[in-house]
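Okay, here's what each chain looks like letter by letter:
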Amino acid sequence: MEIFAQNSFINDSYIISLVLFNNVSNSSEIRNMAIKREINATLLKPQAIVDSFQVLLAANKALSNYLGKTMYTKSLHSEIIFSLSASRSITESFKNFGVENDANSILIVEISEKDKSSIDEICSRVRGDPVKVDSIGTFTNIPVIKQLYKIDESELAHSNLNDVVYSRMAAKEFVNY
Amino acid sequence: MSESHVQEEGFLFQGAEARVYKKTLYGKQIIIKERFSKKYRHPVLDSHLTDQRLKSEVRAILKCSSCGIKTPVIYMVDFNSSKIYMEYIAESITIRDYIENFLKDGGNINELASLGRQMGKLIGSLHANGIIHGDLTTSNILIKSKESGCDLIPIDFGLSSLGRLPEDQGVDLYVLERAMLSTHLNSEKLFEELLDEYRLSFQGGLEALNKLSEVRMRGRKRTMVG
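The rules behind each value
Here, residues in each chain are numbered from 1, in the same order as that chain's written sequence. Working convention: letters from A go to chains and numbers from 1 go to ligands, in the order in which they are written. Per-residue local features of the predicted model are confined to residues with pLDDT of at least 70, and side-chain atom pairs are confined, for both listing and counting, to 80 or more; whole-chain, interface and lining totals are unaffected and use all residues. Comment: elements are numbered from the N terminus, with helices defined as DSSP H or I runs of at least four residues and strands as E runs of at least two. The globule rule used for comparison is 2.2 Å times the number of residues to the exponent 0.38, while the radius of gyration itself is calculated over C-alpha atoms. Any residue whose C-beta has 12 or fewer other C-beta atoms within 10 Å is treated as exposed, any with 20 or more as buried, and any in between as partly exposed, C-beta atoms being built from the backbone. Here the contact rule is simple: place C-beta atoms from the backbone, and any two residues whose C-beta atoms are within 7 Å are in contact. Take the number of residues in a helix, subtract one, and multiply by 1.5 Å to get its expected span. Directions drawn from the helix axis to the C-beta atoms are what define this arc. If DSSP finds at least two bridges between two strands, the strands pair. All axes are obtained by fitting lines to C-alpha atoms, using only the stretch in contact for helices, and the reported angles, taken between N-to-C directions, cover 0 to 180 degrees. In this usage, the nonpolar core is the set of buried Ala, Val, Leu, Ile, Met, Phe, Trp, Tyr and Cys residues whose C-beta atoms join them within 7 Å. The domain limits used here are those given by an automatic or database domain assignment. By the convention adopted, Pro, Cys, Tyr, Trp, Phe, Met, Ile, Leu, Val and Ala count as nonpolar, Lys, Arg, Asp and Glu as charged, and the other residues, Gly among them, as polar.

Draft legend 1. Region of the structure containing the overall build of chain B. For chain B, the count of helices and strands is 6 helices and 10 strands. Its C-alpha atoms give chain B a radius of gyration of 19 Å, within 12% of the compact-globule value 17 Å for 226 residues. Out of the 226 residues belonging to chain B, those deemed buried represent 33%. Within chain B, contacts between residues separated by at least 24 positions form 65% of all contacts whose residues are at least 6 apart in sequence.

Draft legend 2. Geometry of helix 6 (residues 205-218) of chain B. All names here are of chain B. Counted at 1.5 Å a residue, the expected span for helix 6 with its 14 residues is 20 Å, and the 20 Å between its end C-alpha atoms agrees. Of the residues making up helix 6, those classed as buried are Gly205, Ala208, Lys211, Leu212 and Val215. Taken around the axis of helix 6, the buried residues stretch over an arc of 115°, which confines them to a single face. Opposite the buried face of helix 6, at more than 90 degrees from it, the exposed residues are Asn210, Ser213 and Met217. Looking at the buried side of helix 6, the elements it contacts are helix 3 (113-128), helix 4 (166-183) and helix 5 (188-201). Following helix 6 by one or two positions, glycine 219 adopts a phi angle in the positive range, close to 90°.

Draft legend 3. Structural context of the sheet that holds strand 9 (residues 150-154) of chain B. Residues and elements named next belong to chain B. In space, the 3 strands of this open sheet follow the order 6-8-9, with antiparallel pairing throughout. In this open sheet, the two edge strands, each paired with only one partner strand, are strand 6 (93-94) and strand 9. One ladder, built from 2 bridges, connects strand 6 with strand 8 (residues 141-145); its direction is antiparallel. Among the inter-strand pairings, threonine 94 is bridged to a residue of strand 8, identified as leucine 142. Each of strand 8 and strand 9 is contacted by helix 3, which is oriented at about 45° to strand 9, the strand it contacts most.

Draft legend 4. Main features of the nonpolar core. Among the nonpolar cores identified, the biggest contains 103 residues, and A:Leu18, A:Ala59, A:Ile106, A:Ile108, A:Val109, B:Ile74 and B:Tyr75 are the most heavily contacted of them. When we break this core down by domain, the ones giving at least three residues each are domain 1 (10-87) and domain 2 (93-218) of chain B. Not counting chain neighbours up to four residues away, the residues in contact with A:Leu18 comprise A:Phe4, A:Ser52, A:Val55, A:Leu107, A:Ile108, A:Val109 and A:Val133.

Draft legend 5. How the structure looks around the interface of chain A and chain B. With 25 residues of chain A in contact, the opposing surface of chain B contributes 25 residues. Looking at the side of chain A that touches chain B, the elements that each hand over two or more residues are strand 1 (4-7), helix 2 (52-67) and helix 7 (161-171) of chain A. Here the element with the most residues in the side of chain A that touches chain B is helix 2 of chain A; it accounts for 7 residues. Here the residues of the side of chain A that touches chain B sort into 12 nonpolar, 10 polar and 3 charged.

Draft legend 6. How the structure looks around the domain arrangement of chain B. Residue and element names in this part refer to chain B. What the domain assignment reports for chain B is domain 1 (10-87) and domain 2 (93-218). Top element by residues in the side of domain 1 that touches domain 2 is helix 1 (residues 43-66). It accounts for 8 residues. Its residues assigned to classes, the side of domain 1 that touches domain 2 shows 7 nonpolar, 2 polar and 6 charged.

Draft legend 7. The arrangement of unusual backbone geometry in detail. One non-glycine residue, B:Tyr26, lies in the positive phi region at around 45°. One non-glycine residue with positive phi stands out, namely B:Ser82, at about 55°.

Here you go:
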């Protein structure tokens, strides 16, 4: 199993771990564990993700809000989902980026202090095939991305999709799309 | 299992309002612009102003990019530390350095007419789209060559505002004129080329130029009489 782990650039003593699963057969079980906080991680819909950078930006933003006590949501891990979304509605963010009960693939994101990661244990609960996080692009659903981030075809004439996604996330608190 | 992709901070420069760093973040070269607090201001007012300016800077940059004007990609806005994380424009130099290098290599400033026209077109399209840069100088526009010709990329929207008032457009041009004439010797003709192209580039161009001559007479600040 490949764990894609990176230091946070907000605070060096935190680490962000990503694991991608395909052919998952117990999504609803995993989802319930996350809701009950039995596992401390965020479960994302890979179809709504363009690359790992997008997720790392959201995770860092969430960590900054967590450490600065300026979170919009109730937990660090739900704040990641909120930060990913271009919408300021928490419900909508979860609907758009969270996994559904019948999901076939899941991107797991964990933020933890260094040496306190429980990503191995979390992953051991998932019945599915771990795949390289680098392959996230093969899951990306571009029409869905364009719709979620309200990206117009004309914008893509002069900038690339990923860059538009990053800036949509960055400015969502104060720019309306 | 973790790999540190955050390199040591590289300090680039400091202005009156912010410090600028260059960093490599998860394999991408980025610029961090950090606004610092002003100790002479009341803390509550200070943090409010800082947040507002972060927002207005990002709004202007995003407005540009949605209008097809190339600007740095915004990666993240962190209000907790008053930082904007944005794209580092690789292989670019400021127009100021470009002109200076050109002159150093024995060029004549009047040979740069096409650069002047391209600048006029850029500023015209900023104004046409309701963006007032607020601090136009040859240091605040980057030039990056591409397959055919070059891209001009405006940066530092820290003093920008959104609006279409000919007055503001005139002041924007006036600030650039003063900056150019004082930075680059004999750049009068270059600036004229710029204005010629500017006038043609959008509908309100002529009106803004009329305001410019008004502003030249009285200076940047409006006269407060009556």
